[in-house]
Amino acid sequence: MITDQHPLPTPFTASSTATDVLDGVDLTGRDVVVTGGHGRLGREASRALTAAGATVTVASRDTDRASAAVAGIPGVRVEQLDLTDPVSIDAFAAHWTASGRPLHALVNNAAMLFTPDRRLDARGNELSFSTSHLGHFRLTRALLPSLLEARGARVLNVTSGAARFGQIRWDDPAFASGYDAAAAYGQAKRANVLFAVELDRRYADRGIRSFAAHPGVIIGPGPHDESRIASYREQGLVDDDGSTVVDPEHGKKTIEQGAATLVFGAASPLLDGVGGVYLKDSDVAVIDDEVRPLTADSIPSDANSAMLDADDARRLWEVSVRLTA
């Protein structure tokens, strides 16, 4: 039964930024891990969290690139993590656990975007599902002792409105047949939400609350890759001159606006006592079970009942345990 999936409400809007959301919030003494915390949304979330007093560890496959990207942001450290490599995940978690530090928030942000060709990790898992979900599933479980030690931790999975149409291919999550890039992306994003639902069910009474957050559609200020302009224009993301369209009320946001919902889920006290829900526009999203098409003027991104289904969430947990064993 879905109980908490309704707006709180909060004082924030679709136009609020990460700085707005953390205004007046003191995170001094809090340790946060942000996977992919050096790029775009992740970097802005890392910046805002450290500005509020947190110590942020950016977990990245490419530590040189990450270090260069976050240079100049005080309170940020970089550590190596490849979410498609179980050895790398276990090493990261073991190093953290050995440090004795509690983990107050884990932001599972790193992801793979659309890839036209089917790609697999070394264990035969489809790469988007492996990076966005399975890697974070293994990482979160490995960090449970440190999350529990915080006595009030948050796990935030960065998802997308694509979770509305995403389907878990229970019998073929690796797309051995019928690979489709959009379907693979949608599966990974649906998994992010279902994982948050089941994690919260299992650990809320032990002090860990989990959320899935839709940041909005963010393509950045440009200039944009010429090969993408036609697609962006069709989606209403750029104008006739190729300039980025910013229209937060319709889901088209700046990086600063997109990161707002990430830090809201990771650290806002307004969510105390809530968990297992899907966030949008720095609030708990409404449930909208209408089938709505994606158009240049409309980007459906509210929650629906399917993405929050408790039975599917339990089933995905069991499948994920098997795939990460």
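Above this text is the structure in question.
So, a few notes on the structure that sits alongside this text. Position labels on residues start from 1 in each chain and follow its written sequence. Per-residue local features are limited, in this predicted model, to residues with pLDDT of at least 70; the limit for side-chain atom pairs, both in listing and counting, is 80 or more; totals at the level of whole chains, interfaces and linings are taken over all residues. As a rule here, side-chain values come from all non-hydrogen atoms in the structure, and water together with hydrogens is ignored.

1. Digging into the nonpolar core
Here is step 1 of the chain: One finds Leu22, Leu27, Val32, Leu49, Leu156, Val263 and Leu279 to be the most contacted residues of the largest nonpolar core, which totals 40 residues.
Here is step 2 of the chain: Those residues in contact with Leu279, other than ones at most four positions away along the chain, are Leu156, Phe211, Ala212, Ala213, His214, Thr261, Phe264, Gly265, Leu271, Val284 and Ala285.
Here is step 3 of the chain: Within this scheme, the nonpolar core is defined by two criteria: the residues are buried Ala, Val, Leu, Ile, Met, Phe, Trp, Tyr or Cys, and they are joined through side-chain atoms within 4.5 Å. Accessibility here uses a 1.4 Å probe with only protein chains present; expressed as a share of the type maximum, an area under 20% marks a residue as buried, one over 50% as exposed, and anything in between as partly exposed. In terms of nonpolar packing, the next biggest core, distinct from the first, is built from 24 residues, Phe92, Ala93, Ala153 and Trp317 among them. Here a residue-residue contact requires only that any non-hydrogen atoms of the pair lie within 4.5 Å.

2. Considerations on the environment of Asp302
Here is step 1 of the chain: Position of Asp302 among the secondary structure elements: in the loop between strand S8 (283-284) and helix H10 (310-323).
Here is step 2 of the chain: Linking Asp302 and Arg65, residues 237 residues apart in sequence, is a C-alpha distance of 34 Å.
Here is step 3 of the chain: Setting aside anything within four residues of it in sequence, one finds Asp302 in contact with Arg164, Tyr278, Lys280, Val286, Asp288 and Met307. In DSSP terms, a helix is any run of H or I states spanning at least four residues, a strand is any run of E spanning at least two, and both are numbered starting from the N terminus.

3. Describing the packing of helix H5 (residues 127-142) against H10
Here is step 1 of the chain: Lines fitted to C-alpha atoms define the axes here, with helix axes fitted over just the stretch in contact, and angles between the N-to-C directions of these axes take values from 0 to 180 degrees. Relative orientation of the contacting elements H5 and H10 amounts to 85°, with a least axis distance of 10 Å. Accordingly, the angle class assigned to the pair H5 and H10 is roughly perpendicular. Of the residues in H10, those in contact with Phe129, His133, Leu134, Phe137 and Arg141 of H5 are Leu316, Trp317, Ser320, Val321 and Leu323.
Here is step 2 of the chain: When the residues that make up the contact of H5 with H10 are grouped by side-chain class, the tally is seven nonpolar, two polar and one charged. In this scheme, roughly parallel covers angles under 35 degrees and roughly antiparallel covers those over 145, while 65 to 115 is roughly perpendicular and the rest are oblique. Three residue categories are used. Nonpolar comprises Ala, Val, Leu, Ile, Met, Phe, Trp, Tyr, Cys and Pro, charged comprises Asp, Glu, Lys and Arg, and polar comprises the others, including Gly.

4. Examining the packing of aromatic side chains
Here is step 1 of the chain: Pairing of aromatic side chains here covers Phe, Tyr and the six-membered ring of Trp, requires ring centres within 6.5 Å, and sorts the geometry by plane angle: under 30 degrees stacked, over 60 edge-to-face, intermediate tilted. Evaluated as defined, the whole model comprises five aromatic pairs.
Here is step 2 of the chain: Geometrically, the ring pair formed by Phe137 and Trp317 is edge-to-face, given 4.9 Å between the ring centres and 80° between the ring planes. With Phe137 in helix H5 and Trp317 in helix H10, the pair connects residues that are 180 residues apart, well separated along the chain. Residue Phe137 shares its accessibility class with Trp317, and that shared class is buried.

5. Overview of the pairing of strand S7 (residues 277-280)
Here is step 1 of the chain: Judged by which residues are buried, S7 turns out to be covered on both faces: Val277 and Leu279 on one side and Tyr278 and Lys280 on the other are all buried.
Here is step 2 of the chain: Inspection of the sheet shows strand S6 (residues 208-214) paired to S7 by four bridges, in the parallel sense. Note that in S7 the partner of Ala212 across the bridge is Tyr278.
Here is step 3 of the chain: Each pair of strands is called paired provided DSSP finds at least two bridges between the two strands. Taken together, the two bridges between S7 and S8 define a ladder with antiparallel strand orientation. Among the inter-strand pairings, Lys280 is bridged to a residue of S8, identified as Asp283.

6. Quick notes on the pattern of salt bridges
Here is step 1 of the chain: A pairing counts as a salt bridge when a side-chain nitrogen of Lys or Arg comes within 4 Å of a carboxyl oxygen of Asp or Glu. Evaluated as defined, the whole model comprises 13 salt bridges.
Here is step 2 of the chain: For Glu149, the salt bridge is made with Arg151, and the minimal N-O distance between the two is 3.4 Å.
Here is step 3 of the chain: The class of Arg151 is exposed, set by a relative accessible area of 67%.
Here is step 4 of the chain: One salt bridge connects Arg314 with Asp311, and the closest N-O pair in it is separated by 3.4 Å. Of the two residues, Arg314 and Asp311 both sit in helix H10, three residues apart, roughly one turn of that helix.
Here is step 5 of the chain: What makes Arg314 partly exposed here is its relative accessible area of 30%.
Here is step 6 of the chain: What makes Asp311 exposed here is its relative accessible area of 57%.

7. Thoughts on the packing of helix H4 (residues 86-99) against H5
Here is step 1 of the chain: Put simply, H4 and H5 touch, their axes get as near as 9 Å, and they point 25° apart. One finds that H4 runs roughly parallel with respect to H5. Regarding H4 and H5, the two cross each other, and that crossing is right-handed. Of the residues in H5, those in contact with Pro86, Ile89, Asp90, Phe92, Ala93 and Thr97 of H4 are Gly135, Arg138, Leu139 and Ala142.
Here is step 2 of the chain: Partitioning the contact of H4 with H5 into residue classes produces six nonpolar, two polar and two charged. Handedness of a helix crossing follows the sense of rotation of the near helix relative to the far helix, less than a right angle counterclockwise being left-handed and clockwise being right-handed.

8. Some remarks on H10
Here is step 1 of the chain: Expected helix span is taken as 1.5 Å per residue step, with the number of steps being one fewer than the number of residues. The first and last C-alpha atoms of H10 sit 20 Å apart over 14 residues, in line with the 20 Å expected at 1.5 Å per residue.
Here is step 2 of the chain: Of the positions making up H10, those classed as buried are Ala313, Leu316, Trp317, Val319 and Ser320.
Here is step 3 of the chain: Those residues of H10 that are buried are in contact with H5 and helix H7 (181-203).
Here is step 4 of the chain: Contacts described as polar in this section are N or O atom pairs within 3.5 Å, which, within protein, must combine one atom able to donate a hydrogen with one able to accept it, while residues neighboring in sequence count only if both atoms come from side chains. Where H10 begins, the capping side chain belongs to Asp309, and its oxygen is found 3.1 Å from the backbone nitrogen of Asp311.

9. Here's the deal with empty space enclosed by the protein
Here is step 1 of the chain: Site definitions follow a grid-based scheme: protein atoms alone, a 1 Å grid, a 1.4 Å probe that fits but cannot get out for cavities, and for pockets an open set with protein on both sides within 12 Å along at least five of seven lines, plus lining residues having an atom within 4 Å of a point. Grid points are joined across faces, edges and corners, and a volume is the space filled by probe spheres set on the points. Taken as a whole and assessed by the stated rule, the structure comprises two cavities of 30 Å³ or more.
Here is step 2 of the chain: Size it by volume and the largest cavity reaches roughly 90 Å³.
Here is step 3 of the chain: The wall of the largest cavity is formed by 14 residues, among which Leu83, Pro86, Asp121, Arg123 and Leu134 lie closest to the centre.
Here is step 4 of the chain: Of all elements in the fold, only H4 and H5 reach the threshold of two or more residues within the lining of the largest cavity.
Here is step 5 of the chain: Sorting elements by how many residues they give to the lining of the largest cavity places H5 first, with four residues.
Here is step 6 of the chain: As a volume, the second largest cavity reaches approximately 40 Å³.

These values are about where atoms sit, not about what they do.
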